[in-house]
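So the chains spell out like this:
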Amino acid sequence: NFINKEQFEKMIEENLFLEHENVHGDLYGTALSSLEQYIDNNKHLFFELDVNGAVSLMNYYPSNTISIFLSPPNMEELRKRLVLRSTETEEEINKRLSRFEEEDNLKKEFDYNLINDNFETTFEKIKEIILIDNFSAHRYHTLFNLNKKKKYSFHDIDLSKTKLNDFKRVDYII
């Protein structure tokens, strides 16, 4: 959802965001109200957040969060992808690249780290992580006394029909 800056700042003042960040001059946030109905019904949510927003989410819901840090193969590839998008000025691209090392150093805070060198392969890995981690750590951790940090492998899970739009994305962008 897109809202204006005044609405966004009012929501910040009223503590209505789970997380909010100023990313390269743009304000992003996740409204608590947008989460309640999903969390109350044990529904899965998919967030695309910068590292600071993700750390906020992990701190707010530590036992209900699967965190995945996506890295580009290298700095040159990141620059190439940003340029090919044609959505940012050279100045904005340089600003993003200047944060690369700082953000990369935070990946140790995440449950999983993936190098996004191929979209299809990376998406398949993300599906596997979400389904296996959810199966092992969240749904059955009490029943089977499983440890979230231990990795489990279940060969009978069919991931072939899962699509990106099967996940609900909830964020506010101005």
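This text follows the structure it describes.
Computed from a prediction, not measured in an experiment: that's the story for all the values here.

Definitions and limits used
- Residues numbered from 1 in each chain as written.
- Predicted model: local features only at pLDDT ≥ 70, side-chain atom pairs only at ≥ 80, totals over all residues.
- Heavy atoms only, no water.
- Salt bridge = Lys/Arg side-chain N within 4 Å of Asp/Glu carboxyl O.
- Buried < 20%, exposed > 50% of the residue type's maximum accessible area, 1.4 Å probe, protein only.
- Helix = DSSP H or I, 4+ residues; strand = E, 2+ residues; numbered from the N terminus.
- Pairing = 2+ DSSP bridges.

Engineer: I'd like a description of the pattern of salt bridges, backed by residues and values.
Structural biologist: Going through the model one piece at a time under the given rule, you end up with eight salt bridges. A salt bridge links R99 to E103, with the shortest nitrogen-to-oxygen separation between them at 3.0 Å. For R99, a relative accessible area of 15% corresponds to the buried category. When the shortest N-O distance is used, the salt bridge between K127 and E124 registers 3.0 Å. A residue pair is termed a helical-turn pair when its members lie 3 or 4 positions apart in one helix, as K127 and E124 do in helix α7 (residues 119-139) at three residues. You can call K127 buried: its relative accessible area is 1%. Taking the relative accessible area as the measure of exposure, E124 reaches 38% and is therefore partly exposed.

Engineer: Pulling in residues and values, what's your account of the pairing of strand β5 (residues 112-115)?
Structural biologist: Residues of β5 alternate between two faces, with Y112 and L114 buried on one and N113 and I115 left unburied on the opposite face. Summarising the sheet, strand β4 (residues 68-71) and β5 pair through four bridges and their orientation is parallel. The residue of β5 that forms the bridge with S71 is I115.

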